[in-house]
Amino acid sequence: KAGLSLLRARTGERVLEIGFGTGHSLVALAKAVGPKGTVFGLDLSDKMLQRAKASLAKFNLLGRVRLRCADAAQLPYEANSMDAVFMSFTLELFDTPEIPTVLHECKRVLRPGGRIVVVGMSKDAKHDPLVGAFEWTHEHFPNFLDCRPIYVRMALEKAGFKIERALMKHMWIPVEIVRGAKVP
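Residues numbered from 1 in each chain as written. Predicted model: local features only at pLDDT ≥ 70, side-chain atom pairs only at ≥ 80, totals over all residues. Heavy atoms only, no water.

Peer 1: Is there a simple way to think about the overall build of the protein chain in this case?
Peer 2: The number of helices and strands found in the protein chain is six helices and seven strands. Contacts in the protein chain between residues far apart in sequence, at least 24 positions, make up 72% of those at least 6 positions apart. Of the roughly 9600 Å² of accessible surface on the protein chain, 54% is carried by carbon and sulfur atoms. (Helix = DSSP H or I, 4+ residues; strand = E, 2+ residues; numbered from the N terminus. Contact = heavy atoms within 4.5 Å. Areas by Shrake-Rupley, 256 points an atom, 1.4 Å probe, with all protein chains shown as cover.)

Peer 1: What's the story with helix α4 (residues 99-109) in this structure? I'm lost.
Peer 2: Three- or four-residue spacings in an α-helix give side chains the same orientation, since the helix completes a turn every 3.6 residues. When α4 is considered as a whole, its buried residues turn out to be Ile-99, Val-102, Leu-103, Glu-105, Cys-106 and Val-109. Taken down its axis, α4 places every buried residue within 155° of arc, on the same side. Residues Pro-100 and His-104 are exposed on α4 and point more than 90 degrees away from its buried face. Its buried side turned inward, α4 meets β1 (14-18), β4 (82-88), β5 (110-121), α6 (152-158) and β6 (161-170). (Buried < 20%, exposed > 50% of the residue type's maximum accessible area, 1.4 Å probe, protein only. Arc of directions from axis to C-beta.)

Peer 1: In this structure, what is going on with the confidence of the model for the protein chain? I would like to understand it.
Peer 2: Mean pLDDT over the protein chain: 88, with 85% of residues reaching 70 or higher. Note that pLDDT drops below 50 for residues 134-138; the model gives that stretch 17 contacts with residues more than four away or on any other chain. (pLDDT = per-residue confidence, 0-100.)

Peer 1: I keep staring at the pattern of salt bridges and nothing clicks. Help me out?
Peer 2: If the charged atoms of two oppositely charged side chains come close together, the side chains can form a pair. Inspection of the entire model under this criterion finds six salt bridges. Arg-108 is the partner of Glu-105 in a salt bridge, and the nearest nitrogen-oxygen pair spans 3.0 Å. Residue Glu-105 and its partner Arg-108 are both found in helix α4; the two are separated by three residues, about one turn of the helix. We note a salt bridge from Glu-157 to Arg-153, for which the minimum N-O separation is 3.1 Å. Highlighted residues: Glu-157 and Arg-153, both in helix α6, separated by four residues, approximately one helical turn. In this structure Glu-157 comes out as partly exposed when scored by relative accessible area, which is 40%. You can call Arg-153 partly exposed: its relative accessible area is 35%. Put simply, Arg-10, Glu-13 and Arg-115 are held in one network by salt bridges that share partners. (Salt bridge = Lys/Arg side-chain N within 4 Å of Asp/Glu carboxyl O.)

Peer 1: Help me out: how do you make sense of the side chain of Glu-176 in this one?
Peer 2: One can find Glu-176 in strand β7 (residues 174-182). Of the buried charged residues, Glu-176 lacks a salt bridge, with Arg-153 as the closest side chain of opposite charge at 6.5 Å. A polar contact is formed between the side chain of Glu-176 and the backbone nitrogen of Arg-153, at a distance of 3.3 Å. (Lys, Arg positive; Asp, Glu negative; His and termini not counted. Polar contact = N/O pair within 3.5 Å; in protein donor to acceptor, adjacent residues only side chain to side chain.)

Peer 1: When you look at the sheet that holds β5 in this model, what are you seeing that I'm missing?
Peer 2: In sheet architecture, strand pairing relies on hydrogen bonds along the backbone and comes in two forms, parallel and antiparallel. One open sheet accounts for seven strands, arranged β3-β2-β1-β4-β5-β7-β6; its pairing is mixed. Strands with a single pairing partner mark the edges of an open sheet, and in this sheet they are β3 (65-69) and β6. Recorded for the sheet is a direction-independent mean angle of 15° between the axes of neighbouring strands. Its contacts with the sheet put helix α2 (residues 24-33) on β1, β2 (38-43), β3 and β4, and the angle it makes with β2 is roughly 160°. Across the sheet, α4 lies against β1, β4, β5, β6 and β7, angled at about 145° from β5, the strand it touches most. (Pairing = 2+ DSSP bridges. Axes fitted to C-alpha atoms, helices over the stretch in contact; angles between N-to-C directions.)

This is the structure in structure tokens:
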């Protein structure tokens, strides 16, 4: 909710969600952009696509959303075609060398001045024992735990986004919620 609030999707916008999962955020985004806007959803999983379609159908929002199965390292959208990009607990699923590639693709599809919000498990927590435990488990049992904490704000800064706001929340692990903008 904090990430969606920070994104502030508006009526008539074109918004891309990467890693939409069950579609919970797609529903909120589709309501926010209204009938004149469009939400684009991208996920690797066919099963998640089916679940998201069912969630959207319950709210009669399928007409506002375009779903695809594809890899975020090669976004199937034109340059400068999106007003906003949203990722929640997705960026940390990519291997470390792929993160800049994914963010470069996000920047490519955003229009000048467009915004990105990334919600992710944070490696930036000071001395949090859960961060270390998560990293150890990911390193030794990657099939069991396919993600790990990352430096969310730093990744967006290195990709050339202007950071507009950054929040740190604590769930069962520290979470960064960062909004950046594509500088024209």
